[in-house]
Structures are given as structure tokens and as C-alpha cells.
Amino acid sequence: MFERFEPLPTDPILGLSLAYKQDTNPQKVDLGVGVYKDEAGNTPVLASVTAAQSRCHELETTKAYEGPAGNDSFNSEITQLIFGADSAQLERVKTLQTPGGCGALRVAAELINRATPGATIWVSRPTWANHIPLLSSAGLKIKEYPYYDAASQSIDRQGMLDCLAKVPAGDLVLLHGCCHNPCGTDLSLDDWQQIADLANKNGFTPFVDLAYQGFGDGLEEDAQGLRLLAGAVPELVVASSCSKNFGLYRERVGALSIMGNSPVAAANTFGQMQSVARGIYSMPPSHGAALVATILTDTALRQQWEGEVAEMRVRIKQLREDLSAALAPFGDFGFIPQQRGMFSFLGLSEAQVERLKNEFSVYMVGSSRINLAGINQQNLPYLAESIGKVL
Ligand code: LMR
């Protein structure tokens, strides 16, 4: 049966890591996969995570099953981190621990497909490369709304709102909560308000992917758009991830939160969420979520973690300034510091991206999406010079 399979092309993002590893050029630069790196090029285990790990190790008494919903304390803490500890919507929100943000997206897609088989979800053009396979393989239909205008390096606001004004009742609209992946250009609060108004007028359901909370302007600030929506619309879907802000990439820690139009609707939906999880992977892994719950429920650890998130955010913001200045001789890259999170589009052609890889060992996604965190003071001059040569 399996002999009918043809070789698949490598994953457009994850495939870059392998190619980078195999490159023997000592000057190689990895701006591919969205993983935070420090000035030394390492992706460290956060000190708050190391401390939580020792505590969990000491206190752990069992490896018995946790259940499809995962860790209750994690679910409650993540709900508050996303919606706000004093949110009036908390009684209408139910959160399920999932294997990473990808797990949350997939459970959400299966859940939506149970409620409305073959429902249509609108994604931004462009969106994260894995959104489309994750959502469509659960049976959802994908349509796109304009988002990033490459010519002006900003949001195509009118195009987006004109398109969303035509999205009918029953469809969903996927929004990036902050730090848009891949373009780094975020919605303003006014945009969020206009989208909330359209959702209420037309009857579509917003679906927010919040994978980078804390990497834009702050943990609270990065949730403002989502919270505005939550206060304005009857139903909301949120997929979130602890990969970046807790540095727990390989532990696969994420969450799916559903805000229903009543506490009863939310409770009934929670049963369905658990049943979907049970039918795919039964229950999520426990370790990473236990670390997050330990950090968020301990005042000192939480403070330490917030400081570490701030440190990562500040470093990336500084790199935006540094890169923009280093590229100034080759053009106007003033848009880079205006953007948020780990990613920016450099605006290079696929051919230029290929040249950067093949001739200069500089790795980025084919769309010229770069992970700013891969830059450091040592590789910046070489990087800028290489980009200058292909421009
Ligand atoms: C990225 O966009 O690079 C990250 O979210 C990693 C991934 O899984 O694609």
C-alpha cells in the first residue's frame, strides 16, 4: 500500500533547520525556524522553567493519566493570562490543555467541523505556512482575506475590511493575536474594533491564534485586541502556545480556549473538546503544562518569568533597530522597527533568498521571512553585507 507514495518536498519552515545544520560555512546565519535565540545563538531553558522543573520533580508523586482536558491549574491560569484575571467573560470561557499551539489549532478545527461540517475559515494573506494544512485536514474550507501589502510594508487595511465585510454568518475568521507570523505587522486596536463590529453585524466567529504573547509590547498589551473582541462578540475561539513565551518548544504546551455565548454553552462545548482530544491523541503530555502552572501560581517564579519574557522582547526590539540601521545603505528598512515579534519580511524575491542561502549560507523562509532572534552583534555585519550583495 505505501509504495504508491512519492517523495514530498521538505517543510518550507522546518526543512531549513536541516539544511542549516548540514552547511559547513563557519559564517552561516540561521534566520529560519521561529525559535528565540540569545546573543550567543543559544535557545536557553528559562531560569524560571529550570526552577519549576526542580520543584515539580521533588513534588511529583504519580505518572497516572491526567485526562483529556489536561492540567486544571494550567487551564485556569492560561485562561486568565489570555483573557485577563478580572475579565467579565471568564465564566463563559473553557480552556483545554493541548499538545502545543498546533494541537490547539487542530482540536479547534475538529470541533468546528463537528458543529458545522465543512465550515469555511478565512485566513490572512499571508498566514503561517502550517495554518492551512492544520485546519483544512480537519475538513474546514479555507479562504483568504488580504492582509499584508508588500509595496507599502503595512496592512492592506481597506482590502481587509472590504473582504471581511462580505464574510457570511457561520464562517470563521482567523486573526493573529499579536506578532503576526510571517509579516510582523499587527492590527491596531481600531482594527480590532472594526473587526468586532463586522463579526457582530455579519455573524461570523473570530478565531485568534495567540502564539507570541509577551513578544510584542508586553504580556498584557499583546492580549488587548483579543480582549476587546472577547468583550464585544458572543463567541470566540483562541488557540495559544507556550512554546515561545516559556521557551517550552519541544515540550508541546498549548491551549484551546472557547468562549461560548453562555456558561452552559461553554460547559457543553468543553465536553466536546475533551471528546475531540480523546479521539485524536487521548490526552496531552503533562510535563510542560505542569511547569507553566507552577510558574504562574507562584509569585516569585512568575515575576522571574515575566522578567525573562521582557528580556527576550527587548532583545528582539533592539535587533530590529540594529538590522534596520545596518541595512540603511541598501534601502529604506525603517519598517522593521515598526513591526512586532520575531518575524519580518525583508521584501526579497525567492531568487534573492536562494542566492542568500546558496552563496552566503544565510537561511530564511522563501517568502523572505526572517527570524530576528537569529541575529547577533557578531553575525549582523556579515548578514547586512550579504543582503546588500543580493539586492
Ligand atoms: C515558525 O513559524 O517558524 C514556528 O512557528 C515553527 C513552526 O512550527 O513552523
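As a starting point, this report considers the structure included with it. Here the structure is a predicted model, which is why all the values come from computation and not from measurement.

**Concerning the packing of helix 6 (residues 157–164) against helix 7 (residues 189–202)**
Running from N to C, helix 6 and helix 7 cross one another at 15 degrees; their axes reach a closest spacing of 10 Å. With respect to their mutual orientation, helix 6 and helix 7 come out roughly parallel. The two elements helix 6 and helix 7 cross, and the hand of that crossing is right-handed. Between helix 6, through Arg157, Met160, Leu161 and Leu164, and helix 7, the contact on the second element is made entirely by Asp191, Gln194, Ile195, Leu198 and Asn202. Looking at the contact of helix 6 with helix 7 residue by residue, the class counts come to five nonpolar, two polar and two charged.

**A short note on the site of the ligand**
What surrounds the ligand is the set Ile13, Val33, Gly34, Trp128, Asn181, Tyr212, Lys244 and Arg369. One of the side-chain N or O atoms of lysine 244 is found 3.2 Å from an oxygen atom in the ligand. The separation between an oxygen atom of the ligand and a polar side-chain atom of arginine 369 is 2.8 Å. When the ligand sits alone it has 260 Å² of accessible area, and the protein chains cover 82% of it. Tallied by class, the residues present in the shell around the ligand amount to four nonpolar, two polar and two charged. Each of two domains, domain 1 (11–44 + 312–390) and domain 2 (65–297), supplies a minimum of three residues to the shell around the ligand.

Quick notes on the rules
Residues numbered from 1 in each chain as written. Predicted model: local features only at pLDDT ≥ 70, side-chain atom pairs only at ≥ 80, totals over all residues. Heavy atoms only, no water. Axes fitted to C-alpha atoms, helices over the stretch in contact; angles between N-to-C directions. Helix = DSSP H or I, 4+ residues; strand = E, 2+ residues; numbered from the N terminus. Parallel < 35°, antiparallel > 145°, perpendicular 65-115°, else oblique. Left-handed = near helix turned anticlockwise from the far one by under 90°. Contact = heavy atoms within 4.5 Å. Nonpolar A, V, L, I, M, F, W, Y, C, P; charged D, E, K, R; others polar. Near = heavy atom within 4 Å. Polar contact = N/O pair within 3.5 Å; in protein donor to acceptor, adjacent residues only side chain to side chain. Areas by Shrake-Rupley, 256 points an atom, 1.4 Å probe, with all protein chains shown as cover. Domains from an automatic or database assignment.

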